[in-house]
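The residues making up each chain are set out below.
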Amino acid sequence: MDKPKEKILITSALPYVNNIPHIGNIVGSHLPADIFARFMRTLNYDVTFVGGADEHGTPIEIAAQKKNLNPKELCDYYYNIHKKIYEWLNISYDIFSRTSNEIHHRTTQEFFTEIYKNGYIKEGKISLPYCEKCNRVLPDRYVEGTCPHCGYEKARGDQCEMCGNMLNPTELKNPRCAICGSKPEIVERTHLFFELNKLSAQLEDWIKSKKGIWSSNVIAESLGWIKEGLKERCITRNIRWGVKVPLEKFKDNVFYVWFDAPIGYISFTNELKKENLWKKDSNNAGNVKIYHFIGKDNIIFHTIFWPAMLLANNKFNLPYNVVGLQYLNYEGGKISKSQNRGIFCENLSDSGIDSDVWRFYLTFLIPENSDAEWKWDEFLNKTNSELIGNFGNFVNRTLLFIQKNFNGKINFKELNFGDDEVEVLGKVRRKAEEHKQTMLNGHLRDGLKKILEISDIGNEYMQKKAPWKNLKENFEESRKTMYCCALICYELANICHPFLPNSSGKIFGMLNLKVEPKFENVYKEDIEFEIKNVVTLFKKMDEKIIDEIKGNVSKIGVETKEGKKAEEKEEIKMENEENKEITYEDFKKLNLKIGTIEQAEEIPKSDRLLKLTVNLGPEKRIILAGIKKFYDAGDLINKQVIVLTNLKPRKMLNIESQGMILAAEDEEGIKLLIPDKKAKEGSEIG
Ligand SMILES: [Zn+2]
Ligand SMILES: [Zn+2]
């Protein structure tokens, strides 16, 4: 009987969906996790690969509030962008879910209840800023002020962006509410704390047991934290967006995002109906290995906080390995959206090149031990010389030669390998074994290098045997050589799959073989090849193509962070001014006009907004109105409305709204203000 397959669960860091991922995010978790998942599948492990979006927390709630969206709408928008990017890059998630799903909320609450029952949760009081005008406490980013460490005036309640120090909201000097700008007072509130300190000794033993499995820097950093002493951590927040705390006394609270996010690994696995991968029970003991792939800023989360939660809960397996990756820089500097430096992935699919080419160079940049750096000239050179000149060239010249001279058909029948064939196949297979060991040790970049060494061996062999010379005098010799080359192509198709899934599929296709990529196939000798429809794997690159690619990928459809900040500031200013008494002069500044709605469309990404085209006489305007819940688009056609026309245009969901339609709101909802008689479009109001 076959022994049951060893189960492996791989997770990639959960992206926080308030922005567009860049190539640093890709090499910092998604890509290495994917390569490893694909590789382990080729070794016949039972692999489950989960990922998803981290959607809770104050940054999203505030960003949504400022954009007049609800947090779910904002998350929907970014979630779809993220998901598409990972799909295009062939990140082979079994599931890419989201923490806003109901199953995640339920799983988090159950997880908490268990920790609570086991005695690791206590109540404690903390001082928090409170805004009287907004009638709310101001956790984390809800408060801004001057950093007590460096004097930066726009530090946020959780961290100062300038000096990087973590902050308490009450530490800020000159604090102000991030929503309305008023000066908050300090109040005391009761919150729940996770007693991390109780688990210190257990964690220390567990981390020490990971020597030889985790990288030494991950172990050193984790033990360093324990040595400094673990403190209780507040796990609740007085905001609305998040997982509700399932205790009556705390029903107005949600869990702090760092508490609920990692539980996503469990809830996403549960969504796949694979609950048993996490459950600690004797049947599973030692038979599931959990790998977390994460960026270096997340290491402590995954080696201390998260395992502590699992230990306190006591029902789940602990991670086997935590792979902590370093950072990727870009052309001599840090990747920065506000400075438009880096490659942001939203437009990668418009780059005009195969996603394998991106994966190829990005694999070389996986920051396994130290920070790496994207360089365009290196991208050009490496792609041309190694991917195309070596790998692609060997595959294409082999397959074209067989298609042309053997009518595509070549097989093992009555073929006696000579010394050269035995030697070359031996070399290839030794290299493949080295590749396998390298990969199992977690060195993915070196794993890819071994593959290129194999195609190098193939090219050398073909060059030496010169099968084109033997075609006439010694056809059998030529057939032998080309069978061997086809075999090497087949082996390459199997082992390049984790890195270059599209190309692997194309090679299998040209070989006309419908098989799953498996490492063991490297040892097959007897195959009937029927090669057809040979296509060039990659198109050679030059400076001009690189410039085009640069142009295509730098079109960022979403506002830059700086732009967003400016917009947010503008809105805070407007809101601050809203409540002041105004003069008649002020009122006269409002340019109100009658308009007729000519078109009304739903926006698929939004369940709140309708896109209206309004005729204002001499001009038409596109206006987004948050009335979808109260009006059917079709009923709005030809309705006349009052439009505030000199409002600064603003972008929502990538559409510019060029004005505002006046409406009244009561408990039933929103009602448009409509003139009682038809008026001429463009008529002034005042
Ligand atoms: Zn600071
Ligand atoms: Zn306020």
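Residues numbered from 1 in each chain as written. Chains lettered and ligands numbered in written order. Predicted model: local features only at pLDDT ≥ 70, side-chain atom pairs only at ≥ 80, totals over all residues.

**Details of unusual backbone geometry**
The backbone of N135 shows a phi angle near 55°, a positive value even though the residue is not glycine. Summarising the element assignment, N135 is placed in the loop between β4 (121-131) and β5 (136-137). Notably, D140 is not glycine yet its phi reads approximately 45°, a positive angle. Its place among the elements puts D140 in the loop between β5 and β6 (143-146). (Helix = DSSP H or I, 4+ residues; strand = E, 2+ residues; numbered from the N terminus.)

**Things to note about the sheet that holds strand β8 (residues 173-177)**
The strand order across the open sheet formed by 3 strands is β7-β6-β8, and the pairing between neighbours is antiparallel. Where the open sheet ends on each side, the last strands, each with one partner, are β7 (155-156) and β8. Sheet topology places β6 next to β8; 3 bridges connect them, and they run antiparallel. The residue bridging V143 from the neighbouring strand is C177, located in β8. (Pairing = 2+ DSSP bridges.)

**Some details on the sheet that holds strand β10 (residues 233-234)**
The pairing of strands in a sheet comes from backbone hydrogen bonds and takes either a parallel or an antiparallel form. Spatial ordering of the open sheet is given by β5-β4-β9-β10, a layout of 4 strands whose pairing is antiparallel. Where the open sheet ends on each side, the last strands, each with one partner, are β5 and β10. Here 2 bridges tie strand β9 (residues 185-194) to β10, and the two strands are oriented antiparallel to one another. Bridge pairing in β10 places F193 opposite C234.

**A short note on the nonpolar core**
If you look at the biggest cluster of nonpolar residues, it comprises 139 residues, and the most contacted ones within it are I10, F36, A486, C489 and L492. For this core, the element with the highest residue contribution is helix α14 (residues 475-495), accounting for 11 residues. Setting aside residues up to four positions removed in sequence, A486 forms contacts with T398, I402, I410 and F529. One finds I594, A600, Y631 and I642 within the second-largest nonpolar core, a separate group that totals 17 residues. (Core = buried A, V, L, I, M, F, W, Y, C linked by C-beta atoms within 7 Å. Buried ≥ 20, exposed ≤ 12 C-beta atoms within 10 Å, placed from the backbone. Contact = placed C-beta atoms within 7 Å.)

**Quick look at the domain arrangement of the chain**
The assigned domain composition of the chain is domain 1 (1-118 + 259-374 + 542-578), domain 2 (119-234), domain 3 (379-541) and domain 4 (581-685). Centre-to-centre separation of domain 3 and domain 4, based on C-alpha positions: 64 Å. (Domains from an automatic or database assignment.)

**Notes on the pairing of strand β22 (residues 620-625)**
Bridging between strand β21 (residues 610-615) and β22 involves 6 bridges; their strand directions are antiparallel. Bridging across to β22, L610 finds its partner in A625. Two successive antiparallel strands, β21 and β22, enclose a turn made up of 4 residues, where G617 displays a positive phi of approximately 90°.

**Some details on the pairing of strand β27 (residues 663-666)**
Of the pairings in the sheet, the one linking β27 to strand β28 (residues 669-672) comprises 4 bridges and is antiparallel in character. Paired with A664 across the bridge in β28 is K671. Hairpin connection between β27 and β28: a loop of 2 residues separates the two successive antiparallel strands.

**Some points on helix α8 (residues 299-313)**
Side chains three or four residues apart in an α-helix point the same way, a direct result of the helix having 3.6 residues per turn. For α8, built from 15 residues, the straight-helix expectation of 21 Å at 1.5 Å per residue is met to within 8% by its first-to-last C-alpha distance of 21 Å. The sharpest bend along α8 measures roughly 25° and falls at P307. Of all 15 residues that make up α8, 12 are buried, and the element is covered over most of its length. Along α8, the positions that sit buried rather than exposed are I299, H302, T303, I304, F305, W306, P307, A308, M309, L310, A312 and N313. Here the buried face of α8 lies against α4 (102-117), α5 (200-208), α6 (216-228), α7 (257-271), β13 (288-295) and β14 (321-325). Backbone geometry just after α8 places N314 at a positive phi near 70°. (Expected span 1.5 Å × (residues − 1). Bend = angle between axes of the 7 residues up to and from the residue.)

**As for the environment of M40**
Mapping M40 onto the fold places it in helix α1 (residues 23-42). Of the residues examined, M40 has 22 C-beta atoms within 10 Å and is grouped as buried. With 213 residues separating them in the primary sequence, M40 and N253 have C-alpha atoms 42 Å apart.

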